[in-house]
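Each chain, written out:
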Amino acid sequence: MTEPSHQLNRPLPPDVAAGEAAFIQFYQKYAVFSWPWAWRRTAIFGSLCVLGGTSFGASHGLMVRDVWEGIEVSLASSLSNLILVGAGPLLAAFFRHSGWPRRVERVGVVGAVLCGMVLGMWADRFAGHFHDGLMMAHGLGGPHEALVLTDIHSIVRHALDMSRDLVVLFVASGGLAWPAYFSESRRWAEHRRRIEIEKMSLQKSEADLRLTVLQAQVEPHFLFNTLASVRSLITSDPQRAAQTIDALAQHLRATLPKMRAETGVAQSTLGEQFAICASYLDLMKVRLGERLRAEIRLPAELEQTPFPPLLLISLVENAIKHGVEPKPGATRVILTARVVEEGAHERLEVQVEDDGAGLKLGMGEGTGLANIRTQLLTRFASAASLELSAGSTGGVLARLVLPMEPATA
Amino acid sequence: MTRPTAIIAEDELPQRQELRALLAELWPELNVVAECEDGLTALEALEQHRPQVALLDIRMPGVSGLEVARAAGTQCHVIFVTAYEEYALRAFDEGAVDYLLKPVARERLSLAIARARSRLNSGSQVDMAAIIDMVQARLAAGGKQGIKWITASVGNVVKMFSIDEVLFFQAQDKYTRVVTADSEGNIRTPLKELTAALDSEIFWQVHRSVIVRVGAIRAVEKAEDGKLQLTVRGRDDILPVSSTFQHRFRGM
């Protein structure tokens with residue numbers, strides 16, 4: 001019934017809780033027939049009952065002009081009302097917390113509500129008799145007519161009265177909570193499934209992104225051109241050749257998927273992600289020489305800021321592939337990160353700007369950007385955005401805005 | 001006998017230098033008259049020097065090596081240098097289109113030089129145009145992935161819209177409107193081209209001038225003149241539905 005790991009005394013996740021209205025939330029946010037649920041429900045409806053009982057007693061007191069008697073009637077009436085609304089749920093809570101097997105627990109909970117109905121009926125009867133006795137003493141009212149089932153009309157009337165009473169008793173004792181109680185395990189199952197789906201979609205989009213980055217890395221053009229460059233440097237500039245191989249190794253290490261299974265959702269820091277981009281840009285500078293200039297501006301205080309992996313390198317690769325490589329002559333790629341104020345919130349803004357070939361009007365097929373959008377959506381819902389527009393100096397400006405998370409130690 | 005002339009077009013400096021060094025070693029009498037770092041410079045060098053041999057990288061900034069070869073026509077013997085496009089070149093007669101894979105291996109370059117020499121001596125000429133057409137068709141077929149983005153001009157700026165955001169396309173004069181819930185832009189791509197590229201399950205052409213996202217349609221109704229028209233969620237635009245496309249809404 002309950003999630004094994006979930007304490008009955010703690011509020012349920014919103015999609016598992018039974019009630020939605022704000023005041024009902026006060027107790028419906030807890031598992032049905034748990035102690036907090038039962039106490040809170042009793043407190044809400046109990047206070048209404050006490051209010052009703054007190055005003056009944058007060059009107060009695062006024063009528064017979066006797067304060068003490070008014071108090072007596074108030075107490076009796078309030079107490080019987082309290083038993084009516086409290087007994088069933090509290091008894092049921094006792095069974096729910098007993099830790100007995102589910103089947104026994106269910107029987108107990110159903111029995112507790114029925115038991116609460118009987119108790120409530122007795123209490124009501126007692127309070128009624130007490131009040132009738134007082135009225136008779138004042139010569140007011142008379143004994144109830146004896147139950148005479150002589151004709152069909154009185155039989156129907158009594159049947160209607162009784163069923164009305166039963167409905168009131170059933171509702172007051174918590175019978176309406178039965179469906180929510182019995183469907184709780186189904187709601188838990190749905191909740192689990194939803195969480196599972198969310199987790200899987202995040203993992204999937206991350207895997208997709210990793211695949212795109214991977215494809216860009218082992219993209220034959222990237223790999224063979226880099227190898228060709230290294231090969232030519234071996235004779236002309238051995239030291240630079242060694243540096244290039246180091247940069248390639250570092251870059252592959254950062255972007256190739258780890259062979260061991262990764263659990264959960266990978267997290268990284270802005271500093272790490274900037275370093276990965278820097279090694280990639282170094283590599284490209286070896287190949288393109290004077291044609292590529294790169295600027296990296298990361299304030300030291302942002303280095304430890306949490307930042308999802310692979311997003312930034314995808315954007316930088318795009319800038320190289322679609323901006324720098326197709327454009328004759330010198331181009332520049334600028335990476336910046338800064339904190340921007342957006343209303344009362346601090347947001348992290350990361351930009352990749354190039355002055356390369358620029359956006360071409362029409363249709364585009366790149367899956368990299370689509371994957372980044374999916375990543376952002378699954379990680380941050382609508383709190384993050386990616387915008388691409390024409391850069392101030394031609395080229396493309398990719399602007400990524402994320403919620404600012406506190407730096408990890 | 002005059003020395004044969006050649007141009008090298010390769011955008012990456014270290015590779016260009018190495019190619020030149022290898023050529024100097026393996027074909028010492030070859031006179032490299034120009035080294036070009038992009039396609040445009042290669043075209044100019046071709047015009048200016050009229051070389052007998054051209055070593056062309058396929059992927060270059062500006063103008064691709066294939067385009068340069070097309071411009072060369074029968075004028076010179078072309079050797080493509082490529083990191084990857086061999087899958088598009090492999091099927092062709094090696095005598096007609098010679099290609100080197102990066103990193104360029106010395107033995108392979110020797111072979112290419114031997115072939116080029118014999119071709120220059122025999123004076124036979126090949127028209128590359130037909131071959132280049134086929135190579136380009138193969139390259140284009142290899143890269144098909146389906147539309148993900150629409151890059152459109154919004155006022156003075158250019159913005160990218162995810163195809164998932166687009167509600168409808170509408171042809172207007174020489175532009176095509178690209179409309180999302182909170183923005184819109186213009187592209188020059190004609191509707192006909194879009195229809196061919198878009199997923200026909202998701203986008204329906206409902207009029208000669210309108211392609212609409214099916215999932216975004218709010219209502220289809222009859223206008224006063226009896227013609228169908230539709231509205232989409234999140235926009236006030238009223239879009240025409242032509243009679244030829246009305247069958248798509250039967251039973252909706």
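Heads up: the structure comes first, above all this text.
Conventions we followed
The numbers attached to residues start from 1 for each chain and follow its sequence in the written order. Chain labels run from A onward and ligand labels from 1 onward, assigned in the order the entries are written. Local features in this predicted model are restricted to residues whose pLDDT is 70 or higher, and side-chain atom pairs enter the listing and the counts only when it is 80 or higher, whereas totals over whole chains, interfaces and linings include all residues. Values reported for side chains reflect all heavy atoms of the structure, with hydrogen atoms and water molecules removed beforehand. The criterion for strand pairing is that DSSP finds at least two bridges linking the strands in question. Secondary structure elements follow DSSP: runs of H or I of four or more residues count as helices, runs of E of two or more count as strands, with numbering from the N terminus. Working convention: axes come from line fits to C-alpha atoms, limited for helices to the stretch in contact. Angles between N-to-C directions cover 0 to 180 degrees. For this analysis, residues touch if any pair of their heavy atoms sits within 4.5 Å. Joining through side-chain atoms within 4.5 Å is the link that ties buried Ala, Val, Leu, Ile, Met, Phe, Trp, Tyr and Cys residues into a set, and such a set is a nonpolar core. Relative accessible area decides the class of each residue, using a 1.4 Å probe on protein chains only: under 20% of the type maximum gives buried, over 50% gives exposed, and in between gives partly exposed. Comment on the angle field: the value is read as roughly parallel under 35 degrees, roughly antiparallel over 145, roughly perpendicular from 65 to 115, and oblique elsewhere. The sense of a crossing depends on the near helix, which, turned anticlockwise from the far helix by less than a right angle, makes the crossing left-handed and, turned clockwise, makes it right-handed. The residue classification treats Ala, Val, Leu, Ile, Met, Phe, Trp, Tyr, Cys and Pro as nonpolar and Asp, Glu, Lys and Arg as charged. All others, Gly included, are polar. Site definitions follow a grid-based scheme: protein atoms alone, a 1 Å grid, a 1.4 Å probe that fits but cannot get out for cavities, and for pockets an open set with protein on both sides within 12 Å along at least five of seven lines, plus lining residues having an atom within 4 Å of a point. Grid points are joined across faces, edges and corners, and a volume is the space filled by probe spheres set on the points.

Chemist: Just to check I follow, could you spell out the sheet that holds strand E5 (residues 98-101) of chain B for this structure?
Modeler: Two pairing modes exist for strands in a sheet, parallel and antiparallel, and in both the strands are linked by backbone hydrogen bonds. Residue and element names in this part refer to chain B. Pairing is parallel across the open sheet formed by 5 strands, whose spatial order is E2-E1-E3-E4-E5. Two strands in the sheet have a free side with no partner beyond their single neighbour: strand E2 (31-36) and E5. Going across the sheet, the axis of each strand differs from the next one's by a mean of 20 degrees, ignoring polarity. Across 4 bridges, the pairing between strand E4 (residues 77-82) and E5 is parallel. Paired with Val81 across the strands is Leu100, a residue of E5. Sheet strands in contact with helix H1 (residues 13-26) are strand E1 (5-9), E2, strand E3 (53-57) and E4, and its direction is about 175 degrees off that of E2.

Chemist: What should I look at first to understand the nonpolar core in this one?
Modeler: One recurring pattern in soluble globular proteins: nonpolar side chains tend to sit buried together. Residues and elements named next belong to chain A. Counting residues in hydrophobic clusters, the biggest one holds 45 residues, and the most contacted among them are Phe307, Leu335, Val350, Val352, Leu376 and Leu400. Put simply, the parts of the chain that give this core at least two residues each are helix H9 (238-255), helix H10 (270-288), helix H11 (311-324), strand E4 (331-342), strand E5 (345-354), helix H12 (367-380), strand E7 (385-390) and strand E8 (396-403). Counting residues per element, this core draws most heavily on H10, which supplies 9 residues. Apart from residues no more than four positions distant in its own chain, Leu376 is found in contact with Leu311, Ala381, Ala384, Ser385, Leu386, Leu400 and Leu402.

Chemist: What exactly am I supposed to notice about the packing of helix H2 (residues 35-64) of chain A against helix H3 (residues 67-96) of chain A here?
Modeler: Pairs of packed helices are described in terms of their axes, by the angle between the two and the distance that separates them. All names here are of chain A. Axis separation between H2 and H3 bottoms out at 7 Å; the angle between their running directions is 160 degrees. For the element pair H2 / H3, the angle class is roughly antiparallel. In the packing of H2 onto H3, the handedness of the crossing is right-handed. The class makeup of the residues in the contact of H2 with H3 is 17 nonpolar, 13 polar and 2 charged.

Chemist: Quick question: what am I supposed to make of empty space enclosed by the protein here?
Modeler: If you roll a probe as big as a water molecule over the atoms, it shows you where there is empty space left. According to the stated counting rule, one finds 1 cavity of 30 Å³ or more in the structure shown. In this structure, the largest cavity occupies an estimated 80 Å³ of space. Lining the largest cavity are Ala228 of chain A together with Glu10, Gln15, Glu18, Leu19, Leu22, Val81, Pro103 and Val104 of chain B. At 4 residues, H1 of chain B tops the list of elements feeding residues into the lining of the largest cavity. Looking at the lining of the largest cavity residue by residue, the classes come out as 6 nonpolar, 1 polar and 2 charged.

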